[in-house]
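The primary structure of each chain is shown beneath.
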Amino acid sequence: MSSVNLTDLIVALDPDGRGGRRHADDLAAAIGAQNPGIEASALPEVVHDTIRRGEQEGLWSASRTTTVRRGRTVLPKAITLPGATRPADKLLTVGVPLRSELAGWAATLRLSATQRQLLLAVNDWLRRTDGGKVPVVSVAERAYELLLDEKAFDANPPRGGSTLWAPDRLTFELLRCERLPTPLVWEPVTSEIGQSGAVVCVENHATFRTLLRVLRARAVPPWAAVAWVQGRNTAPLESLTALPFPVTRLDYLGDLDAAGLQIAITACATVERAGIPAGPAERLWAMLVLRPPRPARPTSEAKARELVAWLPASVRDQARALLVTGQAIPQEALRFDVLSDVPLAH
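Summary of the structure given here. Not measured: the values here are computed from a predicted model.

1. What to know about the overall build of the protein chain
Now for step 1: Helix and strand counts for the protein chain stand at 13 helices and 14 strands.
Now for step 2: Along the first, second and third principal axes, the C-alpha set of the protein chain runs to 75 × 55 × 30 Å.
Now for step 3: Relative to its full complement of 346 residues, the protein chain shows a buried share of 45%.
Now for step 4: When contacts within the protein chain are restricted to residue pairs at least 6 apart in sequence, those whose partners lie at least 24 apart make up 72%.

Written out as structure tokens, the structure is:
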């Protein structure tokens, strides 16, 4: 995959150094203009990797709660550039009396104009609310109340950086707000929800509907519900614990390609952090690996071995061979007629 020059990209996106938000499509256009050799079909993945690299290097922050889908890739809807530091942006102490919640650590800090604006807003809010004696609200709502920018707290750390945000400094607990998991799209397999059960999760809408159709025709379906995450946006799986029945396990089916396996690994890690066992939907992967493949970008031997280690042992060799020879099998290969008369349980 092409390696985008991040310095040149920032110059194209923000020639005046003012900072601000840029839509993912603006990012894609700038990348495409600077790298004309990138195929249009590969551009969304390049944009995704570029956004991730820029965040790792501290060049921008990406939106966390809003996404756009381009082809098979789900991207953060926008990035926020911090803007270049100018001579006028001298680091200064806050210079006003602070509430007791802030004074002990913030009074002598040397802050940028952005950091000072946030600290003063928090100080005023603590004064008005008598130390935060208000109901807990969402992070986006509190960010808008304080800064008139609902995205200000999306990044990690939020606006103001680690200078202001730390366990003994600014926290969401202090500001009486919380990150809310993105709602999970799911449907029960039967008309009556049982006491507990396993859930099968897919990443594409067609397979979501097909599995529901297949399972609802079974007298004893192996899963209580089918869930759907959209590509790389696995955050909704944090909501599994909020379903109206205890989820005993999540079985995941994704696309058999490098991106699909990486999403699957991330999805299951998200679920396991919530305390629910998660892994591959073994029978479905065993069927998928036998379906006709299509051409794809080859994966290196080392990367392929790393990715297929997540799969059931019985299909790892076949899956690795497909990846390194530049072949892929989307989950849509498991059509209704392929699944309708076969056992699906482990």
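Text resumes after the structure shown.
2. Topic: the packing of aromatic side chains
Now for step 1: Using the criterion set out here, one finds six aromatic pairs in the structure.
Now for step 2: Seen in terms of ring centroids, Phe153 and Phe172 are 6.2 Å apart; in terms of plane orientation they differ by 40°. Their pairing is tilted. Pair noted here: Phe153 is in the loop between helix 6 (139–147) and helix 7 (161–164) and Phe172 is in the loop between helix 7 and strand 7 (177–178), with a separation of 19 residues, a long-range link.
Now for step 3: By relative accessible area, which is 18% here, Phe172 ends up buried.
Now for step 4: Ring geometry for Trp165 against Phe172: centres 5.4 Å apart, planes inclined by 70°, an arrangement best described as edge-to-face.
Now for step 5: On the accessibility criterion, Trp165 (10% relative accessible area) is buried.

3. With respect to the nonpolar core
Now for step 1: Ranked by size, the top nonpolar core spans 56 residues in total, and within it Tyr252, Leu256 and Leu284 carry the most contacts.
Now for step 2: Ranked by residues supplied to this core, first place goes to helix 9 (residues 258–273) with six residues.
Now for step 3: Membership of the second largest hydrophobic core comes to 26 residues, among which are Trp105, Leu147, Trp165 and Leu175.

4. What to know about the sheet that holds strand 11 (residues 247–252)
Whether parallel or antiparallel, the strands of a sheet pair through hydrogen bonds between backbone atoms.
Now for step 1: Pairing in this open sheet of five strands is mixed, and the strands run 8-10-9-11-12 from one edge to the other. At either end of the open sheet lies a strand with only one pairing partner, and these are strand 8 (185–188) and strand 12 (278–280). Across the sheet, the mean angle from the axis of one strand to that of its neighbour is 25°, orientation sign disregarded.
Now for step 2: Sheet topology places strand 11 next to strand 12; three bridges connect them, and they run parallel. Bridge assignment links Asp251 to a residue of strand 12, and that residue is Gly279.
Now for step 3: On top of the sheet, helix 8 (residues 205–215) reaches strand 8, strand 9 (197–202) and strand 10 (225–228); it is set at about 175° to strand 10, its chief contact.
Now for step 4: Relative to the sheet, helix 9 contacts strand 11 and strand 12, its axis offset from that of strand 11 by approximately 170°.

5. Quick notes on the sheet that holds strand 1 (residues 20–23)
Now for step 1: The sheet built from three strands is open, its strands ordered 1-5-2 with antiparallel pairing. Each edge of the open sheet is held by one strand with a lone partner, namely strand 1 and strand 2 (61–62).
Now for step 2: Here helix 2 (residues 24–34) sits on the sheet in contact with strand 1 and strand 5 (78–81), set at roughly 75° to strand 1.

6. Concerning helix 6
Now for step 1: Considered for burial, the residues of helix 6 that qualify are Val139, Arg142, Ala143, Leu146 and Leu147. One side of helix 6 holds all its buried residues, which, seen down the axis, span an arc of 105°.
Now for step 2: Check the buried side of helix 6 and you find it contacts helix 5 (113–128), strand 6 (137–138) and strand 7.
Now for step 3: Leu148, located one to two residues past helix 6, shows a positive phi value of around 55°.

7. Here we look at helix 12 (residues 316–324)
Now for step 1: Every buried residue of helix 12 is accounted for by Ala319, Arg320, Leu322 and Leu323. The buried residues of helix 12 all sit within an arc of 160° when viewed along its axis, so they share a single face.
Now for step 2: Against helix 9, helix 11 (301–308) and strand 14 (327–328) lie the buried residues of helix 12.

Rules of the game
- Every residue gets a number counted from 1 within its own chain, in the order that chain's sequence is written.
- Reporting of local features is limited, given that this is a predicted model, to residues whose pLDDT is at least 70; pairs of side-chain atoms are given and counted only at 80 or more, and all residues count toward the totals for whole chains, interfaces and linings.
- To obtain the side-chain values, all non-hydrogen atoms of the structure were included, while hydrogens and water were left out.
- Numbered from the N terminus, helices here are DSSP runs of H or I no shorter than four residues, and strands are runs of E no shorter than two.
- Relative accessible area decides the class of each residue, using a 1.4 Å probe on protein chains only: under 20% of the type maximum gives buried, over 50% gives exposed, and in between gives partly exposed.
- Note on definitions: a residue-residue contact is assigned when non-hydrogen atoms from the two residues lie within 4.5 Å.
- Any two rings among Phe, Tyr and Trp, with Trp reduced to its six-membered ring, count as a pair given centres within 6.5 Å; such a pair is stacked if its planes are under 30 degrees apart, edge-to-face if over 60, and tilted if neither.
- Think of a nonpolar core as a cluster: buried Ala, Val, Leu, Ile, Met, Phe, Trp, Tyr and Cys residues, connected wherever their side-chain atoms sit within 4.5 Å.
- What makes two strands pair is DSSP finding at least two bridges between them.
- What counts as an axis is a line fitted to C-alpha atoms, over the stretch in contact for a helix, and the angles between N-to-C directions run from 0 to 180 degrees.
- Taking the helix axis as origin, the arc is that swept by the directions to the C-beta atoms.

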